[in-house]
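Take a look at the letters that make up each chain.
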Amino acid sequence: MNSKLTKELPELVENEVISKDTATRIESYYKSKRNDNPNRLFTVFGVLGSILVGLGIILILAHNWDVFSKTIKTLFAFVPLLIGQGLVGFSILKNKSQAWKEASGTFLFFVVGASMAMVSQIYNIPGNFSSYMLTWVLLCVPLIYLLKSSGLALLHVVFATIYACEYGYSYGSNIPWMYLLLIVIMMPYYARLMKRRSKSNVTSVFNWLLPLSLIITLGTFIVRFDELVFLSYVILFGLFYNLGKMPIFENLKLRQNGYLVLGSLGTVVMLLMTSFKWVWKDVYGIVRSDMGEASLVVVLFVATTFALIYLFLKKRVEKANLFHFIFIIMSALFFVGLTNAIIPTIISNMLLFALGVNAIKMGVDKMHFGVLNYGLTIVAALIFCRFVDTNMGFAIKGLLFVVVGIGFFVTNYVMLKKQKNKEEEL
């Protein structure tokens, strides 16, 4: 498409549609875009190549490890590390391309982990997997900022998540506070990306990876007061949704805004769970608590409230959009659930139905099929959940499924017809 446009530039200049200077600038713009594409591709393959080389070296050494003496083993542990440091130093001192920096940094990242593992094995240094992961990630933090490497920043988040899961879920009562430090350390780099390259692919990956990491690890911070888990997740998803509505994400496509998508889907999933009475029965009559874990929920609630207040001040809150306020309503219902399990169950079902209807209305108003079908799916999921825990006959259940299916078809058909009529009027 770009080449076709540039071929038509002379004709546009000749017919005085655009000036010659404008045509030159357009041609230069698309030429620079074409020149950037190979660099991006080279960067991706450079990183993948570094990963494969690092893993290959580890496998070769592992296969022949027992035949080497301790001195040779030590050399094998440190030589790749020196090579990796040399490549990184060369990339920095010679100011090589970003592809060079990404590839050398990724190679050194994996070599650091391999060298640590080999030295521990050679000299029988005691330790566990979580402490090994934490040390590995902390040692490689400076590389992110020295090389300005997005690949290393992504690896940092992934391995920090692995550390938190290993330390928190495997050991039961341990809380991985160091995970929060690892995320905070990486945030300045992420903020820089959002400021300078908010629409780039790597920033979009961060917009999905960071909230996913927090979703996966949140459960490691609540180990004694299990009934707080669902409330903490509801508030977290509320935080994500309100963050996704911030001005900085305004011009991003939906697929680039992981906060908004995960916040919305997560809220619906949690409401579907709380629409069952058994969830509230676990909350009912709670007499014990854990101040540390309760404090975490309070911090999440305060952060989400501040995000909502900021949106109010910027006049970006759609008052009819319940997704903004679900975390407040569910927090209030949690305290109601301490003394009554029926009322929160009924209100959760009503909220879920209201969210579905509201999404359908938004889809119709904006002529957006995705939002429309999202609302229909919420209503259908709610109906399905009520099928599960009610004693309806199979004939009635089957009839209701047919009605829901017809509703999907009719609503989309009416919407499509309305869209075609609107296009014909234009």
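Structure shown above.
In short, a report on the structure.

The rules behind each value
Residues numbered from 1 in each chain as written. Predicted model: local features only at pLDDT ≥ 70, side-chain atom pairs only at ≥ 80, totals over all residues. Heavy atoms only, no water. Helix = DSSP H or I, 4+ residues; strand = E, 2+ residues; numbered from the N terminus. Areas by Shrake-Rupley, 256 points an atom, 1.4 Å probe, with all protein chains shown as cover. Contact = heavy atoms within 4.5 Å. Salt bridge = Lys/Arg side-chain N within 4 Å of Asp/Glu carboxyl O. Buried < 20%, exposed > 50% of the residue type's maximum accessible area, 1.4 Å probe, protein only. Phe/Tyr/Trp six-rings, centres within 6.5 Å; stacked < 30°, edge-to-face > 60°. Axes fitted to C-alpha atoms, helices over the stretch in contact; angles between N-to-C directions. Parallel < 35°, antiparallel > 145°, perpendicular 65-115°, else oblique. Left-handed = near helix turned anticlockwise from the far one by under 90°. Nonpolar A, V, L, I, M, F, W, Y, C, P; charged D, E, K, R; others polar. Polar contact = N/O pair within 3.5 Å; in protein donor to acceptor, adjacent residues only side chain to side chain.

Across its full length, the protein chain holds 16 helices and zero strands. About 23700 Å² of surface is accessible on the protein chain, with carbon and sulfur atoms providing 68% of the total.

Below, the discussion takes up the environment of Cys-165. Mapped onto the elements, Cys-165 comes out in helix α6 (residues 150-170). Other than its neighbours up to four places away in sequence, Cys-165 contacts Ser-170, Ile-216, Thr-217 and Thr-220.

The next subject is the pattern of salt bridges. For the structure shown, the criterion picks out one salt bridge. In this structure, the salt-bridge partner of Glu-250 is Arg-316, at a minimum N-O distance of 3.3 Å. In this pair, Glu-250 is assigned in the loop between α9 (228-244) and α10 (258-274) and Arg-316 in the loop between α12 (291-313) and α13 (326-337), connecting sequence segments 66 residues apart. A relative accessible area of 48% places Glu-250 in the partly exposed class.

Turning next to the packing of aromatic side chains. With the rule as written, the count across this model stands at 23 aromatic pairs. Between Phe-240 and Tyr-259, the aromatic rings sit 6.0 Å apart at their centres with planes inclined by 65°, giving edge-to-face as the arrangement. Here Phe-240 is found in helix α9, whereas its partner Tyr-259 is found in helix α10, with 19 residues between them in sequence. For Phe-240, a relative accessible area of 2% gives the class buried.

Let us look at the packing of α6 against helix α7 (residues 177-196). For the pair α6 and α7, the least separation of the axes is 10 Å and the interaxial angle reads 160°. By the criterion of interaxial angle, the relationship of α6 to α7 is roughly antiparallel. For the pair α6 and α7, the crossing hand works out as left-handed. Residue-level contacts link Ser-150, Ala-153, His-156, Val-157, Ala-160, Thr-161, Tyr-163 and Ala-164 of α6 to Met-178, Tyr-179, Leu-182, Met-186, Tyr-189 and Leu-193 of α7. Each residue belonging to the contact of α6 with α7 can be placed in one class, and the counts come to 11 nonpolar, three polar and no charged.

This next bit is on the side chain of Thr-220. Here Thr-220 shows up in the loop between α8 (201-218) and α9. From its side chain, Thr-220 meets the backbone oxygen of Thr-217 in a polar contact 2.5 Å long. With residues up to four places along the chain from it excluded, the contact list for Thr-220 reads Ala-164, Cys-165, Gly-168, Tyr-169, Asn-174, Ile-175 and Pro-176.

Quick look at the environment of Gly-363 now. In this structure, Gly-363 sits in helix α14 (residues 342-366). Residue Gly-363 is classed as buried on the basis of its relative accessible area, which comes to 0%. For the pair Gly-363 and Tyr-374, spaced 11 residues apart in the sequence, the C-alpha separation amounts to 8.6 Å. Setting aside residues no more than four positions away along its own chain, Gly-363 makes contact with His-368, Val-371, Leu-372 and Met-415.

This part is about unusual backbone geometry. Although it is not a glycine, Lys-148 sits at a positive phi angle of roughly 50°. Even without being a glycine, Lys-315 presents a positive backbone phi close to 55°. Following the sequence through the fold, Lys-315 ends up in the loop between α12 and α13. We classify Lys-315 as exposed; its relative accessible area is 76%.

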